[in-house]
Amino acid sequence: MFDTIAKADHIVLIAHVNPDADSLGSASAMYTHLIRLEKRVTLFCVTERVDHRLAFLPWFDKMRHRFPDNADLAISFDCGAAKRLGVEVNVPLINIDHHKSNEHYGDINVIDTTAISTTQVLFDLFNEHRIKINPKMATALYAGLLDDSHGFLAPKTDARSFEMAAVLSRLKAETSQAAVALFHENSLAALRLKGLMFEQMCLLYDARLVVHRVTREMMEQTGGREVDCEAALEESMGLPHVSLALMLRENRDGTLKGSLRSIGKIDVECIAQCFGGGGHFHAAGFELREMSLDAAYEKVMNIIKEEFR
């Protein structure tokens with residue numbers, strides 16, 4: 001992989017559609033490394049309204065939303081499916097990820113499904129190739145680890161996670177800044193949307209399943225953004241007895257976004273794959289087209305109900 005990078009002149013680093021701290025943090029860490037090599041680099045994300053909480057990441061202000069014409073290599077981060085790139089890539093592509101459901105769409109695929117985050121995959125690669133991690137890189141890598149481990153609360157969190165966090169802390173990662181940005185900062189619109197989602201959520205199967213249905217009207221009424229919905233979904237998993245959470249959200253383009261979270265033995269990646277999606281055992285997602293919210297709800301619930309028989 002690094003031999004391919006060494007031969008390239010203009011490298012595009014791709015964060016996936018609606019990027020999280022893992023995707024953008026991975027891209028940010030690689031950006032720092034590449035500018036040290038005096039490479040021409042473009043940090044690309046097709047999403048123009050990126051989550052404001054990620055503004056603490058190094059090089060956030062360098063992000064561009066148009067894929068350059070003269071690139072000769074692209075690297076994607078934390079993107080399990082080619083459609084999540086948001087753009088057709090016509091140059092050699094390196095695909096770095098940790099999703100079990102990754103489609104291996106790259107010319108070079110670096111996939112480690114044992115990693116809790118893509119930044120952990122990158123952290124291991126940097127160490128394997130004796131690439132020095134400076135404070136900017138450490139902050140970016142830590143952000144992805146912190147976010148994908150849900151603040152070190154995810155079931156996949158292990159000694160490897162904490163060892164990586166300790167190393168990055170010693171390398172002067174901005175650990176407190178990352179935690180505040182990812183888990184404490186909120187907009188008024190986000191709080192309004194969260195309140196509306198909790199007001200309208202349903203508890204089913206003896207309160208073991210929580211369902212959120214988010215309409216375009218709810219988004220417009222509150223001014224909330226897509227990423228704000230995920231926070232409410234995560235919080236609802238803390239309710240007593242809940243083992244599975246579903247969110248269906250109407251997108252601006254008429255599609256529907258489905259998000260699933262679970263604890264225990266329920267494999268939501270398997271559920272998401274029924275609808276062409278993917279992710280992880282306890283966190284997964286999918287997209288539906290040309291279907292109403294009500295029809296999508298019925299279709300997804302027909303699969304989910306089998307988990308509660």
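This write-up is about the structure you can find in this document. Because the structure is predicted, anything quoted here is derived from the model rather than measured.

## Side note on the packing of aromatic side chains
Inspection of the entire model under this criterion finds 6 aromatic pairs. Relative to Phe67, the ring of Phe44 lies with its centre 5.4 Å away and its plane at 75°, an arrangement referred to as edge-to-face. Linking Phe44 in strand S2 (residues 40-44) with Phe67 in the loop between strand S3 (63-64) and strand S4 (73-77), this pair joins segments that are 23 residues apart in sequence. Summarising the burial analysis for this pair, Phe44 and Phe67 share the class buried. Among the aromatic side chains, those forming a connected cluster through ring pairs are Tyr142, Phe152 and Phe162.

## Notes on the packing of helix H4 (residues 135-148) against helix H6 (residues 175-183)
For the pair H4 and H6, the least separation of the axes is 10 Å and the interaxial angle reads 45°. In terms of orientation, H4 and H6 fall into the oblique class. In this structure, the crossing between H4 and H6 has a hand that is right-handed. Of the residues in H6, those touching H4 at Tyr142, Ala143, Leu146 and Asp147 are Thr175, Ala178, Ala179, Leu182 and Phe183. A per-class count over the contact of H4 with H6 returns 7 nonpolar, 1 polar and 1 charged.

## Overview of the sheet that holds strand S6 (residues 108-111)
Taken together, 6 strands build an open sheet; the order of strands is S3-S2-S1-S4-S5-S6 and the sheet is parallel. At either margin of the open sheet sits one strand with a lone partner, and together these are S3 and S6. The sheet contact formed by strand S1 (residues 10-15) and S4 spans 5 bridges and is parallel. When the bridges of S4 are listed, Ala15 appears paired with Phe77.

About the criteria used
- Residues numbered from 1 in each chain as written.
- Predicted model: local features only at pLDDT ≥ 70, side-chain atom pairs only at ≥ 80, totals over all residues.
- Heavy atoms only, no water.
- Phe/Tyr/Trp six-rings, centres within 6.5 Å; stacked < 30°, edge-to-face > 60°.
- Helix = DSSP H or I, 4+ residues; strand = E, 2+ residues; numbered from the N terminus.
- Buried < 20%, exposed > 50% of the residue type's maximum accessible area, 1.4 Å probe, protein only.
- Axes fitted to C-alpha atoms, helices over the stretch in contact; angles between N-to-C directions.
- Parallel < 35°, antiparallel > 145°, perpendicular 65-115°, else oblique.
- Left-handed = near helix turned anticlockwise from the far one by under 90°.
- Contact = heavy atoms within 4.5 Å.
- Nonpolar A, V, L, I, M, F, W, Y, C, P; charged D, E, K, R; others polar.
- Pairing = 2+ DSSP bridges.

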